[in-house]
Amino acid sequence: MRLDDPWYDALASGWGELDGTGSSAPTGPPGPVDPRRGHSAAEIYLEVQSSEAFQEVRRRYRRFVVPATAAFLAWYLVYVVAAVTAPGLMALPVAGAVNVAMVAGLGQFLTTFLLTGAYARHARLRRDRAALDLRWQTQEMTRGAGR
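Residues numbered from 1 in each chain as written. Predicted model: local features only at pLDDT ≥ 70, side-chain atom pairs only at ≥ 80, totals over all residues. Heavy atoms only, no water.

Trainee: Describe the overall build of the protein, naming the residues involved and giving the relevant values.
Mentor: If you tally the helices and strands in the protein, you get five helices and two strands. Taken from the N to the C terminus, the helices and strands of the protein come in the order α-α-α-α-β-β-α. A total of about 10,500 Å² of accessible surface is found on the protein, and carbon and sulfur atoms cover 63% of it. (Helix = DSSP H or I, 4+ residues; strand = E, 2+ residues; numbered from the N terminus. Areas by Shrake-Rupley, 256 points an atom, 1.4 Å probe, with all protein chains shown as cover.)

Trainee: How would you explain the packing of aromatic side chains if you had to name every residue and give the values?
Mentor: For the structure shown, the criterion picks out one aromatic pair. Between Arg 135 and the ring centre of Trp 136, over which it is positioned, the NZ or CZ distance is 5.9 Å. (Phe/Tyr/Trp six-rings, centres within 6.5 Å; stacked < 30°, edge-to-face > 60°. Lys NZ or Arg CZ within 6 Å of the ring centre and 35° of its normal.)

Trainee: If you had to explain the nonpolar core to someone new, which residues and values would you point to?
Mentor: Counting five residues, the largest nonpolar core consists of Ile 44, Val 48, Val 57, Leu 134 and Met 141. When residues no more than four places from it in sequence are discounted, the contact partners of Leu 134 are Val 48, Ser 51, Ala 53, Phe 54 and Val 57. (Core = buried A, V, L, I, M, F, W, Y, C linked by side-chain atoms within 4.5 Å. Buried < 20%, exposed > 50% of the residue type's maximum accessible area, 1.4 Å probe, protein only. Contact = heavy atoms within 4.5 Å.)

Below, the structure written as structure tokens:
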């Protein structure tokens, strides 16, 4: 199993590795960074929060989480309502002593694990790189600002 974790390769600010010539390798993100000297950290974070890049990360998060949460809650409520209103259905044997309620209950656990995996995959593919870029930009902007 291969893990593509963008946080793993990201060096902490100022902790650059040697580049082979004895000097530190660059640790920032590729491309120009505009440090906002003279701005407070609070102003910088508010500026980043209102940026289009941050809003896009939030939109991607909500596009996954809201439908996934609604679907999971609906599935859970169907299970609870069926257990209360249709005990005869839930007591139907499936195989030996295993009945519909047990299969549905195990399905709840399986759904939880599948949803967790889907969330982690979605975060890795759709949000982590953009969030890491925002993190770098924010660190560069706050480097000169008083905290």
